Amino acid sequence: MSNPIGRQDKDTLKSLFGRDKPVIGVVHLMPLPGAPRYDDEGVEAIYERGLSDARAYLSGGCDAVIVENHGDVPFAKPDDIGHETSAHMAVVADRIRRELGRPIGINVLANAAIPALAIASASSASFIRVNQWANAYIANEGFVEGESARAMRYRAHLRARGIRIFADAHVKHGAHAIVADRPVEEQVKDLVFFDADVIIATGQRTGHAADLGYIRMIKEAASLPTLVGSGVTHDNANDILSVADGVIIASALKYDGVWWNAVEPDRVKRFIAGLGR
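Residues numbered from 1 in each chain as written. Predicted model: local features only at pLDDT ≥ 70, side-chain atom pairs only at ≥ 80, totals over all residues. Heavy atoms only, no water.

Q: Before we go on, may I ask you to explain the overall build of the protein in this structure?
A: Along its length, the protein carries nine helices and 11 strands. Its C-alpha atoms give the protein a radius of gyration of 17 Å, within 12% of the compact-globule value 19 Å for 277 residues. For the C-alpha atoms alone, the extent of the protein along its principal axes is close to 55 × 45 × 35 Å. Scored against the burial criterion, the 277 residues of the protein give a buried share of 56%. (Helix = DSSP H or I, 4+ residues; strand = E, 2+ residues; numbered from the N terminus. Rg over C-alpha atoms; globule rule 2.2 N^0.38 Å. Buried < 20%, exposed > 50% of the residue type's maximum accessible area, 1.4 Å probe, protein only.)

Below, the structure written as structure tokens:
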């Protein structure tokens, strides 16, 4: 019998983005209605800021964007995320896709794979990012379990099998002692076993770079396209791309290099020019 494991498309990135080694910018949305930091000034400013950041990324040469509710701190656990979050993210994601015509992804913090799939279906997004797809860990939000079983059944329910799964390996902002008796390589293989399409390697926190040897280990364990999802800068991007299959970037392309600031168009252009593409 043929092995049913690892049937994923090894050319997922090229299929989605039309090139090898894609650069994906993150649209960090301002606080949404229902979040503690929402300032009650209306949603149009949120939508326009999201569009502006997406324009800066894509006009500067990035290949795609991920729309993320990073302003909704402190992040809620999946079952506590209100429908208002999904509704507002779907609107801004749809506006970005319609105006800019490039692939978009969705990440709903914290670890809300099912809301992300609903938003992706509503906005015709191409992929979602899920920080804990298999196993479990202790995050800023508390105990977080893998969402793959529920999420894959929900994706089938939506008839949305074309939405790809980008899954973090040994994700940042957490303690993994609960699975410390299993090597990271085995945890990466669990992501493949549970049908993730792309693996994401990160450092310890937002803006923290992962070691090249660590990235190489994750890529070799996965046998799937592997992105680096934190700590990418002008200075280390080419080294990272010599190992990884693409990058997800945000902080280094913001004004003053701070994640909550707007995207700086000139920084995007300089970053892409430095890749020699």
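Next, the rest of the story.
Q: Which parts of the structure should I look at to understand the pairing of strand β7 (residues 164–169)?
A: Each regular strand shows side chains that alternate between the opposite faces of the sheet. Among the six residues that make up β7, six are buried, leaving the element largely enclosed by the rest of the structure. In terms of strand pairing, strand β4 (residues 127–130) meets β7 through four bridges, oriented parallel. For V130, the partnering residue across the bridge sits in β7 and is A167. Strand direction decides the pairing type here: β7 and strand β9 (residues 198–201), joined by four bridges, are parallel. The residue bridging A167 from the neighbouring strand is I199, located in β9. (Pairing = 2+ DSSP bridges.)

Q: I'm lost on the pattern of salt bridges in this one. Help?
A: When the charged atoms of two side chains with opposite charge come close together, those side chains can pair. Overall, the coordinates contain 13 salt bridges when judged by the stated rule. With a shortest N-O distance of 3.2 Å, D94 and R97 are connected by a salt bridge. Highlighted residues: D94 and R97, both in helix α3 (residues 83–100), separated by three residues, approximately one helical turn. Using a relative accessible area of 17% as the deciding quantity, one classes D94 as buried. Here E147 and R150 are joined by a salt bridge, their closest N and O atoms 3.1 Å apart. A residue is classified by how much of its surface remains accessible, and E147, at 8% relative accessible area, is buried. Within the structure, one salt-bridge network assembled from shared partners comprises E48, R55 and E99. (Salt bridge = Lys/Arg side-chain N within 4 Å of Asp/Glu carboxyl O.)

Q: Can you help me understand the packing of α3 against helix α4 (residues 113–123) in this one?
A: Two measures define how a pair of helices packs: the angle their axes make with one another and the distance between the axes. Contact pair α3 / α4: the axes reach a minimum separation of 8 Å and the direction vectors enclose 40°. The orientation of α3 with respect to α4, classified from their angle, is oblique. Crossing of α3 against α4: the hand is right-handed. Facing S86, M89, A90, A93, D94 and R97 of α3, the residues of α4 in contact are P115, I119, A122 and S123. Tallied by class, the residues present in the contact of α3 with α4 amount to six nonpolar, two polar and two charged. (Axes fitted to C-alpha atoms, helices over the stretch in contact; angles between N-to-C directions. Parallel < 35°, antiparallel > 145°, perpendicular 65-115°, else oblique. Left-handed = near helix turned anticlockwise from the far one by under 90°. Contact = heavy atoms within 4.5 Å. Nonpolar A, V, L, I, M, F, W, Y, C, P; charged D, E, K, R; others polar.)

Q: I'm lost on unusual backbone geometry in this one. Help?
A: Here V73 and P74 are connected by a cis peptide whose omega angle stands at -10°. A110 follows L109 through a cis peptide bond whose omega is 10°. When you line up the elements, A110 lands in the loop between β3 (104–107) and α4. Non-glycine residue D195 carries a positive phi angle of around 70°.

Q: Hey, could you run me through helix α6 (residues 184–193) in this one?
A: Residues lying three or four places apart along an α-helix face the same way, a consequence of the helix completing one turn every 3.6 residues. Turning to α6, its buried residues are V184, Q187, V188, D190, L191 and V192. Looking at the packing, one finds that the buried side of α6 touches β7, β9 and α7 (212–222). D195 lies just past α6 and shows a positive phi near 70°.

Q: Would you take a moment to explain the pairing of strand β2 (residues 64–68) for this structure?
A: Buried residues dominate β2, accounting for five of its five residues. With burial as the criterion, each face of β2 is covered, one bearing A64, I66 and E68 and the other bearing V65 and V67. Note that strand β1 (residues 23–28) and β2 share five bridges and pair parallel. Residue V26 lies in a different strand from β2, and its bridge partner there is I66. Of the crossover connections in this fold, the one passing from β1 over helix α2 (residues 44–59) to the parallel β2 is right-handed. (Right-handed = clockwise from strand over helix to strand, strands pointing away.)

Q: What exactly am I supposed to notice about a nonpolar patch on the surface here?
A: A grouping of I138, F143 and I178 is seen on the molecular surface, where their side chains present a nonpolar patch of about 260 Å² in accessible area. Along the polypeptide, I178 turns up in the loop between β8 (174–175) and α6. Overall, the relative accessible area of 48% leaves I178 in the partly exposed class. (Patch = residues over 30% accessible without salt bridge, like charges linked within 9 Å, V, L, I, M, F, W, Y side chains within 5 Å. Areas by Shrake-Rupley, 256 points an atom, 1.4 Å probe, with all protein chains shown as cover.)

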